[in-house]
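Spelled out, the chains give:
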Amino acid sequence: MARQASAEDPYLSVVVLVYNEVDSIEPLHRELIGVLDTLGTSFEVVYVDDGSVDGSTERLDGLAARDARVRVVTFRRNFGQTAAVQAGIDHSRGEVLVLLDGDMQNDPHDIPRLLEKIDEGYDVVSGWRRDRHDSASRVIPSRIANWVIARVTGVRLSDFGCTFKAYRREVIDGVRLYGEMHRFIPVYSAMIGARITEIVVNHRPRTYGRSKYSLSRTSRVALDLITVKLLGSYSTKPMYFFGFTAFALWAVAAVLAVVVIAQKVLPPYVYAHDNPLLLVSVVLVIVGVQCILMGLLAELSIRTYHESQHKPTYVVREVIERIPQGHAVTDGSKAAVRAR
């Protein structure tokens, strides 16, 4: 697939996430530009400074001052990696985006391999740090989380936490990221039918600065996973989730009610008002009714969201139609039109 870009916008945007990485900025930039210059395509490098306080901001300003292909987005304070990823998406212009961390553990020489997969027709190419140079306290929780995420979401990737990925802009432009959801971008992309693959990338030992990772992220990732699963499976039909939950609760309540009646008529003849299972059964029925009401409220919210903003519940890859003779196809048409 040929790489093309408009006269104004580059084909490739490389987004580098930086937070207190003053020592790695210059060597990373030299290595990165050396790789990008060999690609033979237009590019830009967007550095997102996530509120650094160690002098990284000044180093990045110097890069932008001497290289017109460099853009720097600086936060007023530290907002976190997810916000930095979102800013990189919002402030880049390329048709293809490559994201990587600014600590030099991601190897820029893997970028051509990511782009080769994009050229093969994939929409998302995920890096897999198969041989990680991190402590066991990071690697083991990460592998467990990757296993859980892959099975809950159905997106079979080995390393969701690896920032080093390539995306076609069309599959991530509408994504809005919150919490720790940057690791779930492939999942969001899969929701709209993106073609996803992964490749093994080189993961280098950290030689500058220190890791910002903490185990406190684990609980936040778990909560975000629940959010992503519900949005992916029930975003346009929330009543199914709440309704099936209500049916399950009512089924359990019915079983308990039968047990209460059986204990009432059979020895040792437990009185219903003395049987705690009766109370549990009643509570489950009430909670089931509340689930149905929650489902109705969720349905109203979802329909208001889509209809008030004219958001469709589907995503079109392209439109194919026969072109009548004498009608020209303009380059500015939003739908992809092929003559047959």
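Keep in mind that what you see is a predicted model, and the values were worked out from it rather than measured.

This brings us to the packing of aromatic side chains. According to the stated counting rule, one finds five aromatic pairs in the structure shown. Their ring planes at 55 degrees and their centres at 5.5 Å tell us that Y234 and F241 sit as a pair that is tilted. With a relative accessible area of 26%, Y234 lands in the partly exposed category. A relative accessible area of 32% means that F241 is categorised as partly exposed. Where F241 meets F242, the ring centres are 5.3 Å apart and the plane angle is 80 degrees; that geometry is what we call edge-to-face.

Attention now moves to the environment of G232. Assignment of secondary structure puts G232 in helix 7 (residues 217–234). Sequence spacing of G232 and V187 is 45 residues, and the spatial spacing of their C-alpha atoms is 8.2 Å.

Omega for the bond connecting P267 with P268 falls within 30 degrees of zero, at 5 degrees, which places this linkage in the cis form. As for its position among the elements, P268 is in the loop between helix 8 (238–265) and helix 9 (276–308). Positive phi, close to 55 degrees, is recorded for N20, a residue that is not glycine. Within the secondary structure layout, N20 lies in the loop between strand 1 (12–18) and helix 1 (25–36).

Turning next to the pairing of strand 5 (residues 124–128). Strand 5 sits mainly inside the fold: four of its five residues count as buried. Two strands pair when backbone bridges link them, and strand 5 and strand 6 (residues 165–168) are joined in this way by three bridges, in the antiparallel orientation. The partner of V124 across the bridge, within strand 6, is Y167. As paired elements, strand 5 and strand 7 (residues 196–200) share five bridges and run parallel to each other. Counted as the bridge partner of G127 is I199 from strand 7.

Further remarks concern the confidence of the model for the protein chain. Looking at the protein chain, the pLDDT average stands at 87 and 91% of residues meet or exceed 70. Ignoring residues within four places in sequence, the model shows residues 330–340, a span with pLDDT below 50, making 16 contacts including any to other chains.

Moving on, we come to the sheet that holds strand 1. Reading across the sheet, the seven strands line up as 3-2-1-4-6-5-7 and stay open at both edges, with mixed pairing between neighbours. Strands with a single pairing partner mark the edges of an open sheet, and in this sheet they are strand 3 (70–74) and strand 7. Adjacent strand axes in the sheet meet at a mean angle of 20 degrees, parallel and antiparallel pairs treated alike. Across the face of the sheet, helix 1 comes into contact with strand 1, strand 2 (43–49), strand 3 and strand 4 (96–101) while running at roughly 160 degrees to strand 2.

Turning our eyes to something else, we now look at the nonpolar core. Within the largest apolar cluster, 32 residues are counted, with the highest numbers of intra-cluster contacts made by V48, I172 and F184. Mapped by element, the contributors of at least two residues to this core are strand 1, strand 2, helix 3 (81–91), strand 4, helix 5 (136–153), helix 6 (185–191) and helix 7. The biggest single contributor to this core is helix 3, with four residues. If sequence neighbours within four positions are ignored, I172 has contacts with I89, L97, Y167, I185 and S189. Formed by 31 residues, the second largest nonpolar core is a distinct cluster that contains V18, L63, V125 and C162.

What follows deals with the pattern of salt bridges. In the structure shown here, the tally under the stated rule is 18 salt bridges. With a closest N to O distance of 3.0 Å, D37 and R69 form a salt bridge. Taken together, the residues D37 in the loop between helix 1 and strand 2 and R69 in the loop between helix 2 (56–66) and strand 3 connect sequence positions 32 residues apart. Between R69 and D67 there is a salt bridge; the shortest N-O distance is 3.2 Å. According to the relative accessible area criterion, D67 is buried, its value standing at 11%. Overlapping salt bridges, with partners in common, bring together E21, D103 and R206 in one network.

This part takes up the environment of L36. Among the secondary structure elements, L36 is positioned in helix 1. Assessed through its relative accessible area of 1%, L36 is described here as buried. Sequence spacing of L36 and V148 is 112 residues, and the spatial spacing of their C-alpha atoms is 35 Å. Once you skip the residues sitting within four places of it in the chain, L36 turns out to touch L12, V14, F43, V45 and I111.

This brings us to helix 3. Listed in full, the buried residues belonging to helix 3 are T82, A84, V85, Q86, A87, G88 and I89. Those residues of helix 3 hidden inside the fold are in contact with strand 1, strand 2, strand 3, strand 4 and helix 6.

What counts as what
Residues numbered from 1 in each chain as written. Predicted model: local features only at pLDDT ≥ 70, side-chain atom pairs only at ≥ 80, totals over all residues. Heavy atoms only, no water. Phe/Tyr/Trp six-rings, centres within 6.5 Å; stacked < 30°, edge-to-face > 60°. Buried < 20%, exposed > 50% of the residue type's maximum accessible area, 1.4 Å probe, protein only. Helix = DSSP H or I, 4+ residues; strand = E, 2+ residues; numbered from the N terminus. Pairing = 2+ DSSP bridges. pLDDT = per-residue confidence, 0-100. Contact = heavy atoms within 4.5 Å. Axes fitted to C-alpha atoms, helices over the stretch in contact; angles between N-to-C directions. Core = buried A, V, L, I, M, F, W, Y, C linked by side-chain atoms within 4.5 Å. Salt bridge = Lys/Arg side-chain N within 4 Å of Asp/Glu carboxyl O.

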